[in-house]
Amino acid sequence: MRVTSRVCQRLPRTGDNHVPAKSERTAKEAKEQPRRRQARGERRIAQLLEAAASVFCTTGYTAASTNAIAREAGVSPGTLYQFFPNKEAIAIELGERLMSEMRRTYGEALAPVDPATPLEEAVGAAVDRFIDFNCRHPVFYTLMHGSDIPGRMAEEHDALHATLIGRVEALLTPFLPDTPAADVRRTAEVCVGIYKAGLELVLAHEGEEREAYVRELKNVLLRYLAPLVD
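Residues numbered from 1 in each chain as written. Predicted model: local features only at pLDDT ≥ 70, side-chain atom pairs only at ≥ 80, totals over all residues. Heavy atoms only, no water.

Asks: An account of the overall build of the protein chain is requested, with residue identities and associated values reported.
Replies: When its secondary structure is counted, the protein chain shows 10 helices and 0 strands. Listing the helices and strands of the protein chain from first to last along the sequence gives α-α-α-α-α-α-α-α-α-α. Counting across all 230 residues of the protein chain, residues that qualify as buried make up 35%. Of the roughly 14,100 Å² that the protein chain leaves accessible, carbon and sulfur atoms contribute 52%. (Helix = DSSP H or I, 4+ residues; strand = E, 2+ residues; numbered from the N terminus. Buried < 20%, exposed > 50% of the residue type's maximum accessible area, 1.4 Å probe, protein only. Areas by Shrake-Rupley, 256 points an atom, 1.4 Å probe, with all protein chains shown as cover.)

As structure tokens, then:
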């Protein structure tokens, strides 16, 4: 009887002190492994895209190579090829992510405003948001305004540009209530053209000089729009 008592004392208790069986632990680990691999894969992709952005900004898209991107990322070319088959695939993935973020920027920067809002305030807020995006992601300008970007990216950028024109047109309409729609559209296209020209100068400078060019860009837009709004 004493032996039986000792055996019973060694049996695991149920409840809070339950020890999972090996089969339970194995099943749980099997479920967690794909998630861990996916998380590691996403971190590696982000690392490669960040390196690609640096290389594209430094050398341009055409001169960039997968070897240079792998070197910048601190990985072997073989590791890079596990995620991307070539340079074009890297550029497309990077471009798609940036365009998605740029669309969100459109929504924030070009949201409808009260017609009573001063023109200077509306223009300044929109320019500041766009400049902030482009300064944080200078590769966006490199990829989207180069003559050698992949065809698929060029098509998506054209669609993005058309969306931008439409949003600027919607922003301007309350300020130009008696202006024909075709004229508002033309004004929106000129505003975007002015912004793109000024953006190149802004990105070419840093610090106080960059801030000065941003102010000049706002002034040019205001001087163009003010006579139309008055």
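Asks: Lay out the packing of aromatic side chains in plain terms, naming residues and giving numbers.
Replies: The full count for this structure, using the stated rule, is 4 aromatic pairs. Ring centres of tyrosine 106 and phenylalanine 130 lie 5.7 Å apart, and the angle between their planes is 70°; this geometry places the pair in the edge-to-face category. Here tyrosine 106, found in helix α5 (residues 87-109), pairs with phenylalanine 130, found in helix α6 (residues 119-136); they are 24 residues apart in sequence, far enough to count as distant. For tyrosine 106, a relative accessible area of 4% gives the class buried. With a centroid separation of 5.8 Å and 55° between ring planes, the pair formed by phenylalanine 130 and tyrosine 195 is classed as tilted. In this pair, phenylalanine 130 sits in helix α6 while tyrosine 195 sits in helix α9 (residues 181-203), placing the two residues 65 residues apart along the sequence. The two residues phenylalanine 130 and tyrosine 195 agree in class, both being buried. Here the aromatic residues Tyr106, Phe130 and Tyr195 are joined through ring pairs into a cluster of three or more. (Phe/Tyr/Trp six-rings, centres within 6.5 Å; stacked < 30°, edge-to-face > 60°.)

Asks: How would you explain α6 if you had to name every residue and give the values?
Replies: Given a rise of 1.5 Å per residue, 18 residues ought to cover 26 Å, and the 26 Å separating the end C-alpha atoms of α6 matches this to within 8%. All of the buried residues along α6 are Leu119, Ala122, Val123, Gly124, Ala126, Val127, Phe130, Ile131, Phe133 and Asn134. Buried positions along α6 lie against α5, α7 (138-144), α8 (151-172), α9 and α10 (207-229). (Expected span 1.5 Å × (residues − 1). Contact = heavy atoms within 4.5 Å.)

Asks: Explain the side chain of glutamate 169 to me, using residue names and the numbers behind them.
Replies: Summarising the element assignment, glutamate 169 is placed in helix α8. Beyond its immediate sequence surroundings of up to four residues, glutamate 169 is in contact with Ala181, Val184, Arg185 and Ala188.

Asks: Please give an account of the pattern of salt bridges that cites residues and values.
Replies: Under the criterion given, the structure shown has 8 salt bridges. Between arginine 97 and glutamate 42 there is a salt bridge, with the nearest N and O atoms lying 3.9 Å from each other. Residue arginine 97 is located in helix α5, and its partner glutamate 42 is located in helix α2 (residues 22-59); the two are separated by 55 residues in the primary sequence. Take glutamate 42: its relative accessible area is 41%, and that puts it in the partly exposed class. Salt-bridge contacts for arginine 97 lead to glutamate 93; the nearest nitrogen and oxygen are separated by 2.7 Å. Residue arginine 97 and its partner glutamate 93 are both found in helix α5; the two are separated by 4 residues, about one turn of the helix. (Salt bridge = Lys/Arg side-chain N within 4 Å of Asp/Glu carboxyl O.)

Asks: Let's hear about the packing of α6 against α10: which residues, and what values?
Replies: Where α6 meets α10, the closest approach of the two axes is 10 Å, and the angle between their N-to-C directions is 140°. By the angle class used here, α6 and α10 are oblique. For the pair α6 and α10, the crossing hand works out as right-handed. Facing Leu119, Glu120, Val123, Gly124, Val127, Asp128, Ile131 and Cys135 of α6, the residues of α10 in contact are Arg210, Val214, Leu217, Lys218, Leu221, Leu222, Leu225, Ala226 and Val229. Looking at the contact of α6 with α10, its residues break down into 12 nonpolar, 1 polar and 4 charged. (Axes fitted to C-alpha atoms, helices over the stretch in contact; angles between N-to-C directions. Parallel < 35°, antiparallel > 145°, perpendicular 65-115°, else oblique. Left-handed = near helix turned anticlockwise from the far one by under 90°. Nonpolar A, V, L, I, M, F, W, Y, C, P; charged D, E, K, R; others polar.)

Asks: Describe the confidence of the model for the protein chain, with residues and values.
Replies: For the protein chain, the mean per-residue pLDDT works out to 84, and 83% of the residues sit at or above 70. Element-level pLDDT for the protein chain is lowest in helix α1 (residues 2-10), with a mean of 43, against a maximum mean of 97 in helix α3 (residues 66-73). Low pLDDT, under 50, characterises residues 1-15; the stretch is placed with 1 contact to residues that sit more than four places away or in other chains. (pLDDT = per-residue confidence, 0-100.)

Asks: Which residues make up the environment of leucine 199, and what values do they have?
Replies: Along the chain, the position of leucine 199 falls in helix α9. Residue classification places leucine 199 among the buried positions, given a relative accessible area of 2%. For the pair leucine 199 and tyrosine 213, spaced 14 residues apart in the sequence, the C-alpha separation amounts to 8.7 Å. Among all residues touching leucine 199, those that are not within four sequence positions of it are Ile131, Asn134 and Tyr141.

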